[in-house]
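Each chain is listed here by its residues.
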Amino acid sequence: MAKRKSEELSELKIPAHVAIIMDGNGRWAKKRLLPRSAGHSAGSRTVEQICDDAWSLGIKYLTVYAFSTENWKRSESEVATLMDLLRKYMKNCLERSRKNNMRVRVIGDITRLDDDLRESIVTLTRESASNTGLCFTVALNYGGRDEIVRAFRKMLADYDSGRFVADDITEEMLSEYLDTYDMPDPDLVIRTSGEIRLSNFLPWQSAYSELYFTDVLWPDFDKKELIKAIEYYSGRDRRFGSETSKN
Ligand code: FPP
């Protein structure tokens, strides 16, 4: 990669929160006549590198879609491969989070995961909670609609115990019941591999996000590609529903 001059990079508007739909592991493997599992392993290495790259560019929050509520429909062996990778990742990540001062958390319904994976998630989340570097969030058994349903259940339990009345409900209040209650909304959502959809990823939180789609397959996504996405973001005029500032 040709080195970008630091002055050029300093002109970019850096999004505080970037969320990524990591797509294309299977196609990356197929192109190389490798099993799909090799694509997922390569994708997992890309995750590690992109965390470092994101932080070096000044991004504070990075959220990745690692396993959706729909991914259980994949073959038993592919689900097992992905779970093994995530298991390994969570274990190694404890060491990396110490070294990089990275805070790691998971969003999604983790109750369906195996006990050992759940335990490593709880340990990693607890041990890295006070780190002040990149806030890295893994969406695992995550679905946006499922998250909203779970939020409603928690809300109704509080309603039943008299903590609030219907008129107290606001957008801010509902946000506090979501898995992302302590994170800012994503400024930029990236999807790799050429698909142009959000696939149930952060539907509430991405209401005003800029969306960037690239044909690059996830294992090939690197710092240069991340900078391209940020350049796109830098050129956007974010209005959040107000009138245009361009004439
Ligand atoms: C989509 O590619 C990717 C996934 C369903 C899983 C993403 C998982 C990883 C990158 C590895 C583990 C994650 C972490 C956080 C360590 P696809 O299989 O749908 O690709 P295809 O559309 O080309 O078949």
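Scroll up for the structure.
Residues numbered from 1 in each chain as written. Predicted model: local features only at pLDDT ≥ 70, side-chain atom pairs only at ≥ 80, totals over all residues. Heavy atoms only, no water.

This paragraph deals with the overall build of the protein. Looking only at helices and strands, the protein has 8 helices and 6 strands in total. Each helix (α) and strand (β) of the protein, taken in turn from the N terminus, gives the series α-β-α-α-β-α-β-α-β-α-α-β-β-α. Relative to the globule expectation of 18 Å for 247 residues, the C-alpha radius of gyration of the protein, 19 Å, shows essentially globular dimensions. Across its three principal axes, the protein shows a C-alpha extent of roughly 60 × 55 × 35 Å. Taken across its 247 residues, the protein has 46% of its residues classed as buried. For the protein, contacts bridging at least 24 residues in sequence account for 76% of all contacts bridging at least 6. Across the protein, the centroid of the 38 positively charged side chains sits 6 Å from that of the 40 negatively charged ones. (Helix = DSSP H or I, 4+ residues; strand = E, 2+ residues; numbered from the N terminus. Rg over C-alpha atoms; globule rule 2.2 N^0.38 Å. Buried < 20%, exposed > 50% of the residue type's maximum accessible area, 1.4 Å probe, protein only. Contact = heavy atoms within 4.5 Å. Lys, Arg positive; Asp, Glu negative; His and termini not counted. Charge placed at Lys NZ, Arg CZ, Asp CG, Glu CD.)

We now examine empty space enclosed by the protein. To find leftover empty space, a probe the size of one water molecule is rolled over the atoms. Counted by the stated rule, this structure contains 1 cavity of 30 Å³ or more. By volume, the largest cavity is sized at about 40 Å³. What lines the largest cavity is His17, Thr63, Thr180, Met183, Pro184, Asp185, Pro186, Leu202 and Gln205. Across the lining of the largest cavity, the residue classes tally to 4 nonpolar, 4 polar and 1 charged. (1 Å grid on protein atoms, 1.4 Å probe; cavity = no way out; pocket = protein on both sides within 12 Å on 5 of 7 lines; lining within 4 Å. Points joined across faces, edges and corners; volume = space filled by probe spheres on them. Nonpolar A, V, L, I, M, F, W, Y, C, P; charged D, E, K, R; others polar.)

Position of Thr69 relative to the elements: it lies in the loop between strand S2 (61-68) and helix H4 (76-100). Sequence separation between Thr69 and Asn200 is 131 residues; the distance between their C-alpha atoms is 9.1 Å. In this structure Thr69 touches Asn141, Tyr142, Gly143, Asp146 and Asn200, once residues within four positions along its chain are discounted. Within polar-contact distance, the side chain of Thr69 engages the side chain of Glu70 at 3.1 Å. (Polar contact = N/O pair within 3.5 Å; in protein donor to acceptor, adjacent residues only side chain to side chain.)

In this model, the largest pocket occupies a volume close to 670 Å³. Considering the residues around the largest pocket, the lining is formed by 32 residues, among which Met22, Asn25, Tyr65, Ala66 and Asn71 are closest to the centre. At the level of secondary structure, the elements contributing two or more residues to the lining of the largest pocket comprise helix H2 (25-31), helix H3 (36-57), S2, H4 and strand S4 (135-142). In this structure, the second largest pocket spans a volume of roughly 280 Å³. Of the residues contributing to the lining of the second largest pocket, the split by class is 5 nonpolar, 3 polar and 5 charged.

Here we come to the site of the ligand. Lining the immediate surroundings of the ligand are 18 residues, of which Met22, Gly26, Arg27, Arg36 and Arg74 lie closest. With respect to the ligand, the side chain of Asp23 contributes an N or O atom lying 3.2 Å from an oxygen atom. Contact between the ligand and Gly26: an oxygen atom at 3.0 Å from a main-chain N or O atom of the residue. Protein chains bury 92% of the 630 Å² of accessible surface belonging to the ligand in isolation. Cavity membership is defined here by more than half of the atoms lying within 2 Å of grid points; on that basis the ligand lies in the largest pocket. (Near = heavy atom within 4 Å. Areas by Shrake-Rupley, 256 points an atom, 1.4 Å probe, with all protein chains shown as cover. Sits in = over half its atoms within 2 Å of the grid points.)

Before going further, it helps to spend a moment on H3. Helix length check: H3 (22 residues) gives 31 Å between terminal C-alpha atoms against 32 Å at 1.5 Å per residue, within 8%. Gly39, His40, Ala42, Gly43, Ser44, Thr46, Val47, Ile50, Cys51, Asp53, Ala54 and Leu57 are the residues of H3 that are buried. A positive backbone phi angle near 100 degrees is found at Gly58, which sits one or two residues after H3. (Expected span 1.5 Å × (residues − 1).)

A few words now on the environment of Val47. Position of Val47 relative to the elements: it lies in helix H3. Using a relative accessible area of 9% as the deciding quantity, one classes Val47 as buried. Sequence spacing of Val47 and Arg98 is 51 residues, and the spatial spacing of their C-alpha atoms is 17 Å. What Val47 contacts, discounting residues up to four positions off in sequence, is Met22, Tyr89, Phe136 and Trp218.

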